[in-house]
Amino acid sequence: MSCIAMQSFLTLLLLSAVVRGQNPCPPYDEIAPCKCVYISITEVDIDCRFAATIDDVFHAFNNISWNFKNMRRFYLGLSEIEELPEGVFGDISFQEIRITDNGMLRSIHNTALRASRDRLRVLRMEGNHLNSFPFDILPEMTALTELTLYNNYLIFVPVINSDSLELLNLANNEITFLEEGPWSLPNLRELRLGGNLVREGLPLGLVSSMDSLVTFDCSWTQPNLLIPSGLLEFASDALQYVYLEGNDMSNLEPNAISGLTNVTYLSLYGNNIQEVNEDTFKPLLEDVAIQGNGSINLHANPLNCGCDMAWLVMNDTFREMVRGTCRKDGLLVSELDPQVFEELCFKRFLDF
Ligand SMILES: *[C@@H]1O[C@H](CO)[C@@H](O)[C@H](O)[C@H]1NC(C)=O
Ligand SMILES: *[C@@H]1O[C@H](CO)[C@@H](O)[C@H](O)[C@H]1NC(C)=O
Ligand SMILES: *[C@@H]1O[C@H](CO)[C@@H](O)[C@H](O)[C@H]1NC(C)=O
Ligand SMILES: *[C@@H]1O[C@H](CO)[C@@H](O)[C@H](O)[C@H]1NC(C)=O
């Protein structure tokens with residue numbers, strides 16, 4: 001049965017239930033402190049933000065009979081729950097699960113989400129205490145487009161495979177490395193890894209399998225991020241935003257980053273770059289330059305604006321594409337005078 005046919009079938013089922021006088025929600029008292037919020041036939045949400053213990057949640061889904069099992073959203077927040085155990089949701093499924101600010105929540109059993117495996121689109125778990133996540137369930141979660149694990153305590157990320165995932169947000173954890181191997185996220189559009197401890201922990205080839213990537217963010221890592229040659233080989237024609245801000249990088253190796261497009265904005269804001277070496281930056285600018293609207297942001301770097309940059313200043317196209325200021329005089333790179341650079345950096349040598 002197609003998705004739409006399935007949906008109408010379920011809607012009919014539910015309609016007939018409602019017509020027969022059956023509310024899709026169990027009686028209020030039976031599932032309290034969780035609440036069942038009936039908005040419309042396809043929008044029934046379960047809100048357990050008043051649940052303090054796992055027993056409250058487990059009981060609501062396992063010891064009560066539910067006429068209707070395909071819910072829209074589930075909410076949990078500010079509880080003292082430590083684990084989402086096996087079977088916690090019984091046979092009730094969701095399209096979205098939002099679990100936020102549960103300061104004790106450390107883990108999720110790898111079968112806890114099983115009933116939702118064909119339906120779950122959004123799994124957002126922010127501000128909990130997760131130090132692990134069952135990433136190996138992702139290939140089965142065939143509808144999942146967003147996985148947000150922002151602001152937890154994850155330390156390690158294994159190889160991830162998902163044909164459906166579009167957004168993966170692992171920012172603000174304590175991730176020291178991501179496993180090297182056959183990552184496969186062909187539909188991923190947004191990868192957020194900022195605010196972790198990765199330093200040398202990005203695996204070679206991580207982004208080169210991501211054909212649909214639009215946004216890559218690995219900013220504010222501690223200690224300073226190291227990007228060896230060949231590490232960030234982007235392979236997406238849609239690439240628009242690459243953020244490597246605040247990583248205390250003083251230089252980039254040639255070919256550390258490649259595959260930028262004419263719509264890519266590369267931000268190296270807030271690093272420690274003094275010299276804009278031709279070997280490193282010219283290939284990047286050439287990728288971005290061909291009739292497009294891309295640019296490279298070097299603001300908040302202590303740029304020397306010496307002869308290392310003459311090649312850039314003397315090319316009108318390149319000069320316009322670089323945002324940044326010189327540390328001596330605060331002049332914008334785009335406003336530097338190519339003639340001054342030509343004379344200072346080249347004429348002298350021509351005299352010999
Ligand atoms: C609640 O359901 C679980 C799982 O089905 C069962 O093991 C447990 O005995 C039930 N508890 C009560 C109070 O009915
Ligand atoms: C660049 O162009 C693309 C495609 O036309 C557009 O989606 C994007 O917003 C533009 N970016 C900027 C920074 O203007
Ligand atoms: C980027 O380049 C392609 C050709 O490769 C061109 O069709 C497109 O218009 C360019 N994008 C922008 C924003 O100019
Ligand atoms: C700037 O560099 C580009 C790419 O290397 C080149 O095609 C272009 O001719 C240069 N422009 C000038 C004015 O030198």
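Now for a look at the structure at hand. (Residues numbered from 1 in each chain as written. Chains lettered and ligands numbered in written order. Predicted model: local features only at pLDDT ≥ 70, side-chain atom pairs only at ≥ 80, totals over all residues. Heavy atoms only, no water.)

1. Some words on the packing of aromatic side chains
For the structure shown, the criterion picks out 13 aromatic pairs. Judged by centre distance (5.1 Å) and plane angle (55°), the rings of Phe156 and Phe177 are tilted. Residue Phe156 is found in strand E9 (residues 156-157), and its partner Phe177 is found in strand E11 (residues 177-178); the two are separated by 21 residues along the sequence. Phe177 gets classed as partly exposed once you look at its relative accessible area, which sits at 40%. Ring pairing ties together the aromatic residues Phe61, Trp66, Phe74, Phe89 and Phe94, which thus form one cluster. The positively charged end of Lys35 is found above the aromatic ring belonging to Phe50, 5.0 Å away from the centroid. Over the aromatic face of Tyr75 sits the side chain of Arg49, whose NZ or CZ is 4.2 Å from the ring centroid. (Phe/Tyr/Trp six-rings, centres within 6.5 Å; stacked < 30°, edge-to-face > 60°. Helix = DSSP H or I, 4+ residues; strand = E, 2+ residues; numbered from the N terminus. Buried < 20%, exposed > 50% of the residue type's maximum accessible area, 1.4 Å probe, protein only. Lys NZ or Arg CZ within 6 Å of the ring centre and 35° of its normal.)

2. A short note on the layout of surface pockets
In this structure, the second largest pocket encloses a volume near 180 Å³. Along its surface, the second largest pocket is lined by 13 residues, and Cys305, Leu336, Val340, Phe341 and Leu344 are the ones closest to its centre. Taken together, the residues of the lining of the second largest pocket break down into 9 nonpolar, 1 polar and 3 charged. (1 Å grid on protein atoms, 1.4 Å probe; cavity = no way out; pocket = protein on both sides within 12 Å on 5 of 7 lines; lining within 4 Å. Points joined across faces, edges and corners; volume = space filled by probe spheres on them. Nonpolar A, V, L, I, M, F, W, Y, C, P; charged D, E, K, R; others polar.)

3. Brief notes about helix H3 (residues 54-62)
Here H3 has its buried residues at Val57, Ala60 and Phe61. The buried residues of H3 occupy one face: seen down the axis, they fall within an arc of 85°. (Arc of directions from axis to C-beta.)

Everything listed here is a matter of coordinates, which is why it stays silent on function.
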